[in-house]
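Geometric and topological summary
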Amino acid sequence: MKKTFYLLILLFISYIQAKEINRIGNDNLSLEINDGKAVLSYSLNGKVIAAAELQAANADIKSITEEKSDRGTVLKITYSDQTMLRVTLPEQSPFLDIEAESPVKTETSLSIAFQSKVMIIPDSLSDNYIFFHENSNKENGRIFPAFHMAVFLLNGGNAMLAYSWQNAEKVWHGWKKNQGIESEYCRVEFRGKNRLLIGLPAAKNIWTEILEKPAGNEFEKIDWLPPFTARWLINYRQKNQFPRNPVFIDESIPIPVYNPQAKGHIKLVPSFYIQKPDIWQGYEQVNGRFFYPSYLKDNQVFLRQLVYGNTVRGQIDKNWPQVVYCLDAVSESPEEIKNMLPQPHLKKLLTEDEIALMTNYDIWQGHGICSGTDEIEKLFADKKQKSDWERIKTLLREMNEFVVFVTARAKNYRDWQTDTMQILQKKSKLNPELSSSSLEIEGLLADIQVVWNSNQLIIKTPEDFLAGTVKLENLIDSGMDAEKQEEECDIIGRELRTMGGTLHHTIGNFRQIVRAARYAAVSRLAKTSNTDEADLLCEFLERSSVILRPHHGEEGK
């Protein structure tokens, strides 16, 4: 009897120990593994809420051991296919840090399943792509591995799931049913060593869907309160009409803090800013002025319709679903918020070289035409053309450098377009299954040359621009009186602005066309289970990164 009692006690102690070994947690996140099933939960208002299930390949768990680390609690999980995961949960972090190791010849996958209605694929070279459940099909789709992150807004609005990977052979996304319940999943396939982050940032109303959209140009307060200070964004689906095709872009724009005392432009992203804060007028490089649609005041979000001045060129799909969300912090955000959001963690995951490949770098040479001619015209109007002649000569020289530089950038776009279309045509000829994707991307890119052919009649050449600046330079010694010189300066200034401004807008159009083709490729990739098509689309995304990474401010977002 005593022996049986001691055996029961030992079994109970073993059970308790096993439960302790198979669970790690803190105030934000917990991972519990029972019978090979790994469940991720987040904490909110004192409640622990199960949110996702983790599964590694088709292998069985052989052993789970606990290790100590100065970074936090660690579970070492060994699988039957020799895959090993070291899962670390730092103190007070909502992110699991997973170091994976498997035989190089073995393709390992780590899959996570959850309930969500919105998927966000951040593209740091263009914009965030937002996919809604109702606008997706139920087939397996793919995510471009070089994006390194996918974020899912979990049902209920109180949490989001961020899945980041350092390396990936393939990243799959789709839906599956288990016992009649449909779940979304994201699966990363990799070989050898890898590092992944899985986070469950949670806060009451951490994101919201815009169910009642404003109908007019007056700001309306929405029924949602931001839970903390961050870089809040709202998405729009935008259509721009180019000569051959309408192009569609997924745009996420910042919701800035209302500041009636602001002077001058409020820059939000390159060539996308609030031009007149007093009337909340925005400016965007391709479509010009518009009613800026959002601001944050006293922790309330106010919205109105986004309407471009040129409604023939730029239109917003008013029926497209919209969400307010955040992936990154702002400088005013508390440190705990910065440690909570996905994009700061992604920067810790990747190497400097990997981050560089995902980052725009500024390219600039010379002086802008509009601001340069404006300054020169003011000097002539103030009768300072002689006293400030050295300044005028410097501006004219730098404006010529600028035109030469931007003309070369435009040629880079055209050469890239020609090479890319040749590659697409060659591949689709070898494999007819690629024709549909290839033709869609080619059709979009074809507008680059069409736009150039049309605008070149106005842009002319750098030599023509130089001739205009020489005419302006010769005014001072022309013998004209000061008033006549001012009149001639204004005429020449307008001519130079017409040439330079058209060149600015042309490369802005080029960038937007490439961004639209990139969005089309990402949208197709999210729906395809055809390996050859996915490879083609991923190759195009790599190629488009090459032309988009150098970023000239006049090109827009």
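Position numbers for residues count from 1 along each chain, tracking the sequence in the order it is written. Where local features are concerned, this predicted model is filtered to residues with pLDDT of at least 70; where side-chain atom pairs are given and counted, the filter is 80 or more; whole-chain, interface and lining totals use all residues. Note: side-chain values were computed over all heavy atoms of the structure, leaving out hydrogens and water.

Side note on the overall build of the protein chain
- Runs of H or I in DSSP of at least four residues are treated as helices and runs of E of at least two as strands, each being numbered from the N terminus. Along the backbone of the protein chain there are ten helices and 31 strands.
- Across its three principal axes, the protein chain shows a C-alpha extent of roughly 120 × 60 × 45 Å.
- Think of it in three bands: residues with accessible area under 20% of the maximum for their type are buried, residues over 50% are exposed, and the middle band is partly exposed, with areas taken using a 1.4 Å probe on protein chains only. Burial analysis of the protein chain (557 residues in total) assigns 53% to the buried set.
- Residue contacts are counted whenever heavy atoms from the two residues lie within 4.5 Å of one another. By sequence separation, contacts in the protein chain at least 24 residues apart represent 66% of the contacts at least 6 residues apart.
- If you average the places of the 66 positive and of the 74 negative side-chain charges in the protein chain, the two averages end up 3 Å apart. Counted as positive: Lys and Arg. Counted as negative: Asp and Glu, with His and the chain ends omitted from the count. A charge is said to be at NZ when it belongs to Lys, at CZ for Arg, at CG for Asp and at CD for Glu.

Regarding the pairing of strand β7 (residues 84-89)
- Of all six residues in β7, five are buried; the element is thus mostly enclosed.
- In this description, strands pair whenever DSSP reports at least two bridges between them. Of the strand pairs in this sheet, strand β6 (residues 72-79) and β7 are connected by six bridges, and their pairing is antiparallel. Counted as the bridge partner of Thr-78 is Met-84 from β7.
- The turn joining β6 and β7, which pair antiparallel and follow one another in sequence, is formed by four residues; a positive phi near 75° is taken by Gln-82.
- Pairing geometry for β7 and strand β8 (residues 95-101), over five bridges, is antiparallel. Pairing of Leu-85 across the sheet is with Ala-100, part of β8.
- Taking the residues that link successive antiparallel strands as the turn, the β7-β8 hairpin has five residues, and the phi of Gln-92 there is positive, at about 60°.

Details of the pattern of salt bridges
- Salt bridge, as used here: a side-chain nitrogen of Lys or Arg that lies within 4 Å of a carboxyl oxygen of Asp or Glu. Taken as a whole and judged by the stated rule, the model has 30 salt bridges.
- A salt bridge links Asp-97 to Arg-71; its shortest N-O distance comes to 2.4 Å. Here Asp-97, found in strand β8, pairs with Arg-71, found in the loop between β5 (61-69) and β6; they are 26 residues apart in sequence, far enough to count as distant.
- With relative accessibility at 4%, the residue Asp-97 sits in the buried group.
- Judged by relative accessible area, which is 36%, Arg-71 ranks as partly exposed.
- For Lys-471, the salt bridge goes to Glu-495, with nearest N and O atoms at 3.7 Å. Here Lys-471 is found in helix α8 (residues 462-473), whereas its partner Glu-495 is found in helix α9 (residues 482-525), with 24 residues between them in sequence.
- Here Lys-471 falls in the partly exposed class, since its relative accessible area comes to 45%.
- Connected via shared salt-bridge partners are Asp-127, Glu-251, Arg-515 and Lys-557.

With respect to the packing of helix α6 (residues 389-430) against helix α10 (residues 531-548)
- Where α6 meets α10, the axes come as close as 11 Å, and the angle between the chain directions of the two elements is 170°. Classified by the angle between their axes, α6 and α10 sit roughly antiparallel to one another. Residues Arg-409, Asn-412, Tyr-413, Trp-416, Asp-419, Thr-420, Ile-423, Leu-424 and Lys-427 of α6 form the contact with α10, whose participating residues are Leu-536, Glu-539, Phe-540, Arg-543, Ser-544, Ile-547 and Leu-548.
- Ten residues, namely Ala, Val, Leu, Ile, Met, Phe, Trp, Tyr, Cys and Pro, are considered nonpolar, four, namely Asp, Glu, Lys and Arg, are considered charged, and the remaining ones, Gly among them, are considered polar. Grouping the constituent residues of the contact of α6 with α10 by class yields eight nonpolar, three polar and five charged. For every element, the axis is a line fit to its C-alpha atoms; helices are fit only across the contacting stretch, and the angle between N-to-C directions ranges from 0 to 180 degrees. The labels follow the angle: roughly parallel below 35 degrees, roughly antiparallel above 145, roughly perpendicular from 65 to 115, and oblique for the rest.

A short note on the sheet that holds strand β22 (residues 266-269)
- Spatially, β22-β23-β24-β25 is the arrangement adopted by the four strands of the open sheet, whose pairing is antiparallel. Pairing within the sheet leaves two strands with one partner each, and these edge strands are β22 and β25 (288-291). Recorded for the sheet is a direction-independent mean angle of 30° between the axes of neighbouring strands.
- Of the pairings in the sheet, the one linking strand β23 (residues 272-276) to strand β24 (residues 281-284) comprises four bridges and is antiparallel in character.

A short note on the environment of Ala-410
- By the secondary structure assignment, Ala-410 is in helix α6.
- What makes Ala-410 buried here is its relative accessible area of 0%.

Here's the deal with the packing of aromatic side chains
- Two rings from Phe, Tyr or Trp (for Trp, the six-membered ring) form a pair when their centres sit within 6.5 Å of each other. Planes less than 30 degrees apart are called stacked, planes more than 60 degrees apart edge-to-face, and all others tilted. Summed over all chains, the structure comprises 21 aromatic pairs.
- Judged by centre distance (5.2 Å) and plane angle (80°), the ring pair of Trp-280 and Tyr-295 falls under edge-to-face. Here Trp-280 is found in the loop between β23 and β24, whereas its partner Tyr-295 is found in strand β26 (residues 294-297), with 15 residues between them in sequence.
- Among the residues examined, Trp-280 registers a relative accessible area of 3% and is labelled buried.
- Tyr-295 sits in the buried class, given a relative accessible area of 10%.
- Linked through ring pairs, Phe-219, Tyr-258, Trp-280, Tyr-295 and Phe-302 together constitute an aromatic cluster.
- Note on geometry: a ring has a charge over it if NZ (lysine) or CZ (arginine) is within 6 Å of the ring centre and within 35 degrees of the ring normal. One Lys or Arg, Arg-237, reaches over the ring of Trp-320 and ends 4.5 Å from the middle of that ring.
- Across from the ring centre of Phe-272, 5.2 Å away, lies the NZ or CZ of Lys-557, which sits over that ring.

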